[in-house]
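For reference, the chains in residue letters:
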Amino acid sequence: MNNETKNVVLINGSPKTAGVSVSGTLASVLEQRLSSAGMSVKNICVRKNISADNEQDFRSIMTADALVLLFPLYFYCLPGLLIRYLQDFYEFFERHKGETAGGLNIYALANCGFPESSNNTEALGVIKSFSAHINAAYRFGISLGSGSMFGVQGAPFMKKPMAAIDAAFSVIADDVANGKEPLGDISIQVKMPKFLYFLGGNMAWNKMASINGLKKKDLYRKPYGA
Amino acid sequence: MKALIISDTEYDNEIFKRLHSAVSDVLKQKGFGTEEIPISRGMLAFCMGCFGCWIKTPGECVVNDDIARINNAVMNSDAVVYLCPIVFGQYSANIKSAIDRWLPNVLPFFITRPDGSTMHPRRYESYPAQVMIGYGASSGDDAQLFLDIIKKHRSDVEAFVYSENDEELTSSLDGIELKKTGGLL
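Residues numbered from 1 in each chain as written. Chains lettered and ligands numbered in written order. Predicted model: local features only at pLDDT ≥ 70, side-chain atom pairs only at ≥ 80, totals over all residues. Heavy atoms only, no water.

Novice: I'm lost on the overall build of chain A in this one. Help?
Specialist: Counting secondary structure elements, chain A contains 7 helices and 6 strands. When the helices and strands of chain A are read in sequence order from the N terminus, they spell out β-α-β-α-α-β-α-β-α-β-α-β-α. Taken across its 226 residues, chain A has 53% of its residues classed as buried. Across chain A, contacts joining residues at least 24 apart in sequence account for 82% of those joining residues at least 6 apart. Surface summary for chain A: the accessible area is close to 10500 Å², and the carbon and sulfur share equals 53%. The average position of the 23 basic charges and that of the 18 acidic charges among the side chains of chain A differ by 13 Å. (Helix = DSSP H or I, 4+ residues; strand = E, 2+ residues; numbered from the N terminus. Buried < 20%, exposed > 50% of the residue type's maximum accessible area, 1.4 Å probe, protein only. Contact = heavy atoms within 4.5 Å. Areas by Shrake-Rupley, 256 points an atom, 1.4 Å probe, with all protein chains shown as cover. Lys, Arg positive; Asp, Glu negative; His and termini not counted. Charge placed at Lys NZ, Arg CZ, Asp CG, Glu CD.)

Novice: I tried to follow the overall build of chain B on my own but got confused; where do I start?
Specialist: The helix and strand tally for chain B stands at 6 helices and 8 strands. For chain B, the N- to C-terminal ordering of α and β elements is β-α-β-α-α-β-β-α-β-β-β-α-β-α. Here the C-alpha radius of gyration of chain B, 16 Å, is about what a compact globule of 185 residues would show, namely 16 Å. In terms of its C-alpha atoms, chain B occupies a principal-axis envelope of roughly 45 × 40 × 35 Å. For chain B, the residues scored as buried account for 57% of the 185 residues in total. Summed over all atoms, the accessible surface of chain B reaches about 7100 Å², with 48% contributed by carbon and sulfur. (Rg over C-alpha atoms; globule rule 2.2 N^0.38 Å.)

Novice: Looking at this structure, how should I read the confidence of the model for chain B?
Specialist: Caution applies to low-pLDDT parts of the model: their predicted coordinates are not meant to be read in detail. The predicted model of chain B averages 96 in pLDDT, with 100% of residues at 70 or higher. Confidence metrics for the complex model read pTM 0.96 and ipTM 0.97. (pLDDT = per-residue confidence, 0-100.)

Novice: Explain the pairing of strand S3 (residues 79–87) of chain B to me, please; I cannot follow it from the model alone.
Specialist: Looking down a regular strand, the side chains alternate between one sheet face and the other. Residues and elements named next belong to chain B. With 9 of 9 residues buried, S3 lies mostly within the body of the structure. Here S3 shows two buried faces, one formed by Ala79, Val81, Leu83, Pro85 and Val87 and the other by Val80, Tyr82, Cys84 and Ile86. The pairing of strand S1 (residues 2–8) with S3 spans 4 bridges and is classified as parallel. Across the sheet, the residue bridging to Ile5 is Val81, located in S3. In this sheet, strand S7 (residues 129–135) lies alongside S3 in parallel orientation, the contact comprising 7 bridges. Paired with Tyr82 across the bridge in S7 is Met132. (Pairing = 2+ DSSP bridges.)

Novice: Please clarify how the pattern of salt bridges should be interpreted in this entry.
Specialist: Two side chains of opposite charge can pair, provided their charged atoms sit close to one another. All names here are of chain B. Under the criterion given, the structure shown has 22 salt bridges over all chains. We note a salt bridge from Asp65 to Arg101, for which the minimum N-O separation is 2.9 Å. Placement of the pair is Asp65 in the loop between helix H2 (52–55) and helix H3 (67–75) and Arg101 in the loop between helix H4 (93–100) and strand S5 (111–112), with a sequence separation of 36 residues. (Salt bridge = Lys/Arg side-chain N within 4 Å of Asp/Glu carboxyl O.)

Novice: Where do I start with unusual backbone geometry in this structure?
Specialist: Negative phi values dominate among residues other than glycine, just as trans dominates among peptide bonds. The residue Tyr76(A) is not glycine, and still its phi comes out positive at about 65°. Topologically, Tyr76(A) is positioned in the loop between strand S3 (66–72) and helix H4 (80–96). One non-glycine residue, Phe51(B), adopts positive backbone phi at about 60°. In this fold, Phe51(B) is placed in the loop between strand S2 (33–39) and H2.

Novice: Before we go on, may I ask you to explain helix H5 (residues 121–133) of chain A in this structure?
Specialist: An α-helix turns once every 3.6 residues. As a result, residues three or four positions apart point the same way. Relative to the 18 Å expected for 13 residues at 1.5 Å per residue, H5(A) spans 19 Å between its end C-alpha atoms, a close match to the ideal helical length. When H5(A) is considered as a whole, its buried residues turn out to be Glu122(A), Ala123(A), Leu124(A), Gly125(A), Val126(A), Ile127(A), Ser129(A), Phe130(A) and Ser131(A). Here the buried face of H5(A) lies against S3, H4, strand S4 (105–111) and strand S5 (137–144) of chain A together with strand S4 (90–91) and helix H5 (140–151) of chain B. Remark: Asn135(A) follows H5(A) within two positions and exhibits a positive phi of approximately 55°. (Expected span 1.5 Å × (residues − 1).)

Novice: How do you make sense of the nonpolar core when you look at a structure like this?
Specialist: Within soluble globular proteins, side chains that are nonpolar generally end up buried alongside one another. Membership of the largest hydrophobic core comes to 120 residues, with the highest contact counts inside it found for Ile172(A), Ile6(B), Tyr82(B) and Tyr91(B). Per-element accounting of this core gives the leading share, 8 residues, to H4(A). Counting 23 residues, the second largest nonpolar core, distinct from the first, contains Ala3(B), Leu19(B), Tyr135(B) and Leu169(B). (Core = buried A, V, L, I, M, F, W, Y, C linked by side-chain atoms within 4.5 Å.)

Novice: It is not clear to me how the environment of Asp12(B) should be interpreted in this structure. Could you clarify?
Specialist: Residue and element names in this part refer to chain B. Along the chain, Asp12 falls in the loop between S1 and helix H1 (14–29). The exposure class assigned to Asp12 is partly exposed, which follows from its relative accessible area of 41%. Taking C-alpha positions, Asp12 is 9.7 Å from Pro38, a pair spaced 26 residues apart along the chain.

Novice: Help me understand the interface of chain A and chain B in this model?
Specialist: Accessible area lost during the coming together of the parts is what is often quoted as the interface size. Across the boundary between the two partners, chain A contributes 50 residues, which contact 57 residues of chain B. Between chain A and chain B the total buried area reaches about 4700 Å² when both faces are included, carbon and sulfur atoms providing 62% of it. Looking only at chain A, the three residues that lose the most surface to chain B are Phe75(A), Trp205(A) and Tyr224(A), adding up to 19% of its buried area. Between chain A and chain B we count 2 salt bridges in total. Note that Arg84(A) and Glu10(B) form a salt bridge whose closest N and O atoms lie 2.6 Å from each other. Where chain A touches chain B, the interface holds 26 residue pairs in polar contact (both at pLDDT 80 or more). (Buried area = accessible area lost by both parts, 1.4 Å probe. Polar contact = N/O pair within 3.5 Å; in protein donor to acceptor, adjacent residues only side chain to side chain.)

Novice: What am I meant to see in the packing of H5(A) against H5(B) here?
Specialist: Helices that pack against each other are described as a pair by the angle of their axes relative to one another and the distance between those axes. One can describe the packing of H5(A) onto H5(B) by two numbers: an axis separation of 10 Å at closest approach and a directional angle of 160°. Looking at the two axes, H5(A) sits roughly antiparallel to H5(B). H5(B) is crossed by H5(A), and the crossing has left-handed handedness. Residue-level inspection shows Glu122(A), Gly125(A), Val126(A), Ser129(A) and His133(A) of H5(A) in contact with H5(B), the latter providing Asp142(B), Leu145(B), Asp148(B) and Ile149(B). For the contact of H5(A) with H5(B), the residue count by class is 3 nonpolar, 3 polar and 3 charged. (Axes fitted to C-alpha atoms, helices over the stretch in contact; angles between N-to-C directions. Parallel < 35°, antiparallel > 145°, perpendicular 65-115°, else oblique. Left-handed = near helix turned anticlockwise from the far one by under 90°. Nonpolar A, V, L, I, M, F, W, Y, C, P; charged D, E, K, R; others polar.)

This is the structure we're talking about:
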């Protein structure tokens, strides 16, 4: 086993500018997990850095042992904010690729609002493609369904999914330290009756709209008149 | 008849020029008047996942930039053609900004489609024909991933990859009903 301290970069790809995001919450959990395993962890929030000079962070990625990207699913692939960051990183990589030894392992966690975690499949494929483009090894991804529930403390039906996330994060930690065999993607879904999830969601939208001074019928506005 | 062409100025390369010219010719031959929306870096804010387009200003993004003009043009066109650079198997950042902020055009609720998958319901009675043409993929896998992202999940969008064969492109566009549709999203 290699006893050198492993350097891990986490990328929180949530586009949220306010409030808590699932990706950000889980990035913090993973950071703690990896730090407690003796790894050096850098946690990058793309939203906070999108207008910054990211060269130092890009250099950290290029020299890291592992990179973990955590992001929400937007229209079945990566949010525009995150693909912008990766495009910019790729340009940096192309200019500097001869300068590092390589050997980067990449992991991903994608979460979608729909109950079916399979919606994330192609998004994980994008990370796999990105990995290939930068000569890194895509190790595996974690795919979450009903993603919004992972950010809610004490939400019903969440004991098993949270335990599954914990187990998946342990797999990441072990793989960063020791991994050799190829691994498959891990799918985590919330076992909750769909009608209940839909009902809860609909109630939440109506409640939030009401807080904003809207009536139920206002939700159906057609501003572009088509 | 009105067609909209949405493109990415950061990938304005030779293959794009050829694709754009071919698409423009086809639309003209079919009798469309065409509006161009080239998207450049920084032109559109990135979606911030606030859901304001559902619960604060329903149907409109809370960020008042060019997306208002774009979404209005989209919903009032008969056909919208997105010319999509394929980056790591998905849309480029500029195109993705416009797609992410298309979200106001659906309702927040969930419905179950005939195949059992979950989707959002329509906000409007009809939508333009939407065609996403990918180009510049660096591998067959990336081209296929681009198609899968769209075809495996969306019923309301046609997609294909331009392989610099203009006859093939014309044939693909001829096979699509370029008019407003009331189908499932």
